[in-house]
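Here is what each chain is made of, one letter per residue.
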Amino acid sequence: MSDPGTGFGLDNLPMGVFSVADSAPRIGTMIGDKIVDLGRVLDDPVFREPTLNGFLARGRRFWDETRDAITTLVWSGQAPLVSRQDADMHLPVAPGDFANFYCSLEHATNAGQILRPANPGVAANWRLMPVGYHGRAGTIVVSGTPVMRPSGLIRPTSGPPMYRPTRKLDVEVELGFIVGVPSPMSNCVPVEAFEDHVFGAVILLDWSARDIQALESVPLGPFLGKSFATSISPWIVPLHSLRAARVPPPPRNPPPSPHLRERESWSLDITLELSINGCPLSRPDYSGMYWSAAQQLAHLTSNGASLRTGDIYGSGTISSWSPQGQGSLLELSRDGADPIPTPGGTRPGYLQDGDFVAVSATARTAAGAVSLDEATGVIVPAAPRPGRPGSPRRTATRTSPER
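Residues numbered from 1 in each chain as written. Predicted model: local features only at pLDDT ≥ 70, side-chain atom pairs only at ≥ 80, totals over all residues. Heavy atoms only, no water.

**What to know about unusual backbone geometry**
Keep this limit in mind: The way it works is that DSSP assigns letters per residue, a run of H or I at least four long becomes a helix, a run of E at least two long becomes a strand, and they are numbered from the N terminus. Burial classes follow relative accessibility: with a 1.4 Å probe on protein chains only, a residue under 20% of its type's maximum area counts as buried, one over 50% as exposed, and anything between as partly exposed.
That bond from Val 218 to Pro 219 is cis: its omega, 10 degrees, falls within 30 degrees of zero. For Pro 219, the location among the structural elements is in the loop between α6 (210-216) and β14 (230-232). With phi around 55 degrees, Asn 277 is a residue other than glycine that occupies positive phi space. With respect to the helices and strands, Asn 277 occurs in the loop between β18 (270-276) and β19 (279-282). One non-glycine residue with positive phi stands out, namely Asp 373, at about 70 degrees. Secondary-structure assignment places Asp 373 in strand β24 (residues 368-380). Given the relative accessible area of 11%, Asp 373 is considered buried.

**A short note on the side chain of Thr 29**
Note the following rule: Whenever a nitrogen or oxygen atom comes within 3.5 Å of another N or O atom, the pair is scored as a polar contact, on the condition that within protein one atom can donate a hydrogen and the other can accept it, and that pairs from neighbouring residues in sequence are kept only if both atoms are in side chains. The contact criterion used throughout is that any non-hydrogen atoms of two residues lie within 4.5 Å.
Inspection of the secondary structure assignment puts Thr 29 in strand β2 (residues 26-31). Owing to a relative accessible area of 0%, Thr 29 belongs among the buried residues under this scheme. In this structure the side chain of Thr 29 is engaged in a polar contact, spanning 2.5 Å, whose partner is the backbone oxygen of Pro 14. Residues in contact with Thr 29, not counting those within four places in the same chain, are Leu 13, Pro 14, Met 15, Lys 34, Ile 35, Val 36, Leu 38, Ile 70 and Trp 235.

**Brief notes about the sheet that holds β24**
Put simply, the test is: Should DSSP find at least two bridges between two strands, the strands are taken to pair.
Strand order across the open sheet formed by 5 strands is β9-β24-β23-β18-β19, with mixed pairing between neighbours. If you trace the sheet from one side to the other, it starts and ends with β9 (147-148) and β19, each paired once. With 3 bridges connecting them, β18 and β19 associate as antiparallel partners. Following the sheet pairing, Ile 276 is matched in β19 by Cys 279.

**Topic: the pattern of salt bridges**
Heads up, the rule is: In what follows, salt bridge is the name for a side-chain nitrogen of Lys or Arg lying within 4 Å of a carboxyl oxygen of Asp or Glu.
What the rule picks out here adds up to 20 salt bridges. Residue Asp 44 is joined to Arg 58 by a salt bridge in which the shortest nitrogen-to-oxygen separation is 2.7 Å. Placement of Asp 44 in the loop between α1 (38-41) and α2 (53-57) and of Arg 58 in the loop between α2 and α3 (60-76) is noted, with a sequence separation of 14 residues between them. Ionic pairing is found between Arg 364 and Asp 269, a salt bridge with its closest N-O pair at 2.3 Å. Here Arg 364 is found in strand β23 (residues 356-365), whereas its partner Asp 269 is found in the loop between β17 (267-268) and β18, with 95 residues between them in sequence. Asp 269 gets classed as buried once you look at its relative accessible area, which sits at 18%. Connected via shared salt-bridge partners are Arg 60, Glu 195, Asp 196, Arg 243, Arg 246 and Glu 264.

Here's what the structure looks like:
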């Protein structure tokens, strides 16, 4: 059974956490436009937990057994269904750690041409290993959570840096990969163990304040300009459902280090679509990413660093040479120099307060489409500026008497 119209059939079975009305969050899966309430139908308390961490930690054999059980229930007509429109979705995991990569050759080259026209090439280490950085797990939010415009130190055209709200708020289109089975310290996870540790994928929106990032990134890389919010889609699509979307990898020169050599490719035929305020801007294609998620995981642990259940790592911006496939406003607007289309015409190239950003994704297989659903966020104004030293301290006010 499949539903090509929605991309949520038995060849998908994503896992997520939902609630209805005043009920407690619990685990479910999607069939068409309905949620199967696994907390009610599967006799295991792990499906009544408010995150997927307990389920994920049990490993691949349990994941496969659960998939088989769901399939049997759906075919028998015994699956209790909830309308998706009636459900609230929650962050599917309690993230332990978050790392993000920079693994699209096209994006790295495009960004270099825009930001470093005198030296636009990729760094010497870029083709040798997946380059990345650590983010802030505590600022990962589920799709639909408002994104507040961040403030930070920004260098103006002239004069000293000033603390102010970002004027170059961007979004990068990515996939995120969710770790299920942990690994102990001093254990390097090989490329071929990718499926034993990673459960599945989500859409990931890497919100980026380019002007804050520009001042702080030398010499240690992204920090506050990228750690204020990261949005993920609510449904985790299992790797099992994406195996049929695998395609040959792009050429890699020089050949990867032995710890990064794949016996089977985990390049995936997934197309994403970025829109702002309902106006489609681009359709990035994940299949051309220079480094795969399996290689990223192997490199992430190649120094013996541990994995924890719920860890998330991002693919890096998915992009192409063509503007129709570029995955960030930095590229689409040439760092704000070119306007971007909107439903009412064009306007300057970075995000404005009130903008509604949406990214959807679909994997293509011989059997049909597998949907990764959608990740969204609306931009809200920056918080009031913190008080200067010596200014009167603000105190919270109560909305109701203390009892």
